[in-house]
Amino acid sequence: MQRGTGTCKPRASLKRSKILHMALMGTSDPTGEAETSQEKPFVLRALQIALVVSLYWITSISMVFLNKYLLDSPSLRLDTPIFVTFYQCLVTVLLCKGLSALATCCPGTVDFPALHLDLKVARSVLPLSAVFIGMITFNNLCLKYVGVAFYNVGRSLTTVFNVLLSYLLLKQTTSFYALLTCSVIIGGFWLGVDQEGAEGTLSWTGTLFGVLASLCVSLNAIYTKKVLPAVDGSIWRLTFYNNVNACVLFLPLLLVLGELRALFSFPQLGSAHFWGMMTLGGLFGFAIGYVTGLQIKFTSPLTHNVSGTAKACAQTVLAVLYYEEAKSFLWWTSNMMVLGGSSAYTWVRGREMKKMQEEPHPRESEKSNMEV
């Protein structure tokens, strides 16, 4: 009986503290939620999954196109990428506080943790916040200088940096087949850069920002696991503190880079349309975190990664059609290499993690032999 009750706690804690890690590493959910989900009718289950995946696709793709409009629209002509990022962080902070207040005043309305700004916690989260700032800033700067069609290729080295940093910082080795998929991603990245140059649309500045964004995404995943205990393992508390720190740290950057002067001279500063689009961008930035978790909950981390890859493919096709661009066969090949390599890496890692879970631990096998 003791052995049966002892296995319940790890399962409960796994759902909360390891779901982010599983999503980043592309592993399947070992908690057995798939078994409970089978109790629902198949049609209802399928409709729920279709709705959640569609919501994730719509939110993610809309956010990219909207940010491109805010960062590099010929009609808007707003050259303040840091301010756009700052405002989106501010909207996220206000939404977090609003949902926290609603959860406190009306229990059961929304499931959201209570948020109170603790300077000690904010300082402990600060190293991660610096990486977080780099991640969202370089993402937006990359999108500003490259087209939406090339955006996924420009930021495609995240998986490669995951493998590299796991070895350098965590001393974790990677299998030959996983390294092989990374080589496909790198090949696709370089072919994409070559084809963008051949078409005369390559921005080395945007490509550099894309590589830096990929590096920061990998660092963010590593440091998130270290900082989560400081916020009691709550992703929403971490989101709140990250964005509060980002708002504070962005202020001197706005002054030094002269973006406040550019903003005050912006002709559409008093336009309701402009502020509505800015606020909508902040809403999408907040919503993407929620729908990502929702997709993982209703499917699995592995399916989430596959869905993200398919979404990137659809986003590229939509961008080419929307901006009426003509791309060469080799350009499309580079995209397929990046997306195919990323999918293959997710599949390889999923199989490896499943194999590790199925293998009995040495201590457990010793105990069973002793009991026999």
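Scroll up for the structure.
So, how was this worked out
Residues numbered from 1 in each chain as written. Predicted model: local features only at pLDDT ≥ 70, side-chain atom pairs only at ≥ 80, totals over all residues. Heavy atoms only, no water. Salt bridge = Lys/Arg side-chain N within 4 Å of Asp/Glu carboxyl O. Helix = DSSP H or I, 4+ residues; strand = E, 2+ residues; numbered from the N terminus. Buried < 20%, exposed > 50% of the residue type's maximum accessible area, 1.4 Å probe, protein only. Axes fitted to C-alpha atoms, helices over the stretch in contact; angles between N-to-C directions. Parallel < 35°, antiparallel > 145°, perpendicular 65-115°, else oblique. Left-handed = near helix turned anticlockwise from the far one by under 90°. Nonpolar A, V, L, I, M, F, W, Y, C, P; charged D, E, K, R; others polar. Phe/Tyr/Trp six-rings, centres within 6.5 Å; stacked < 30°, edge-to-face > 60°. Contact = heavy atoms within 4.5 Å. Disulfide = S-S within 2.5 Å.

Participant: Any chance you could explain the pattern of salt bridges here in plain terms?
Facilitator: Charged atoms that come close allow side chains of opposite charge to pair. For the structure shown, the criterion picks out six salt bridges. Close ionic contact of lysine 327 with glutamate 196 constitutes a salt bridge, the shortest N to O distance being 3.5 Å. Within this pair, whereas lysine 327 is found in the loop between helix H15 (301-322) and helix H16 (329-358), its partner glutamate 196 is found in helix H10 (residues 176-198), the two being separated by 131 residues in sequence. Of the two residues examined, lysine 327 and glutamate 196, each falls in the buried class. For glutamate 199, the salt bridge is made with lysine 327, and the minimal N-O distance between the two is 3.4 Å. Linking glutamate 199 in the loop between H10 and helix H11 (204-227) with lysine 327 in the loop between H15 and H16, this pair joins segments that are 128 residues apart in sequence.

Participant: What's the story with the packing of helix H7 (residues 119-145) against H11 in this structure? I'm lost.
Facilitator: Helix packing geometry: the angle between the two helix axes and the distance between the axes. The interhelical angle for the contact between H7 and H11, taken along N-to-C directions, is 155 degrees, at an axis separation of 7 Å. Put simply, H7 runs roughly antiparallel to H11. Crossing of H7 over H11 shows left-handed handedness. Looking at the contact of H7 with H11 residue by residue, the classes come out as 17 nonpolar, eight polar and no charged.

Participant: I'm lost on the packing of aromatic side chains in this one. Help?
Facilitator: What characterises a pair of aromatic rings is the spacing of the ring centres plus the angle enclosed by the ring planes. Enumeration over the complete set of coordinates arrives at 17 aromatic pairs. Between phenylalanine 176 and tyrosine 177, the aromatic rings sit 5.6 Å apart at their centres with planes inclined by 70 degrees, giving edge-to-face as the arrangement. The pair formed by phenylalanine 176 and tyrosine 177 is uniform in burial state, with each residue classed as exposed.

Participant: Help me understand the packing of helix H5 (residues 42-72) against H7 in this model?
Facilitator: Look at H5 against H7: their axes get within 9 Å of each other, and the N-to-C directions meet at 75 degrees. Considering their axes alone, H5 and H7 lie roughly perpendicular with respect to each other. Of the residues in H7, those in contact with Val64, Asn67, Lys68, Leu71 and Asp72 of H5 are Asn140, Leu143 and Lys144. The residue makeup of the contact of H5 with H7, split by class, is three nonpolar, two polar and three charged.

Participant: Can you help me understand helix H9 (residues 158-170) in this one?
Facilitator: An α-helical segment advances 3.6 residues per turn. Residues three or four places apart therefore align on the same side. Within H9 the residues assigned to the buried category are Thr158, Thr159, Val160, Phe161, Asn162, Val163, Leu165 and Ser166. Buried-residue contacts for H9 involve H10, H11 and H16.

Participant: Any chance you could explain the state of the cysteines here in plain terms?
Facilitator: Covalent bonding between the sulfur atoms of two cysteines is what defines a disulfide. Scanning all chains against the criterion turns up zero disulfides. Left without a disulfide partner, cysteine 105 is nearest to the cysteine sulfur of cysteine 106, which lies 5.9 Å away. Classification of cysteine 105 by relative accessible area gives exposed; the value is 62%.

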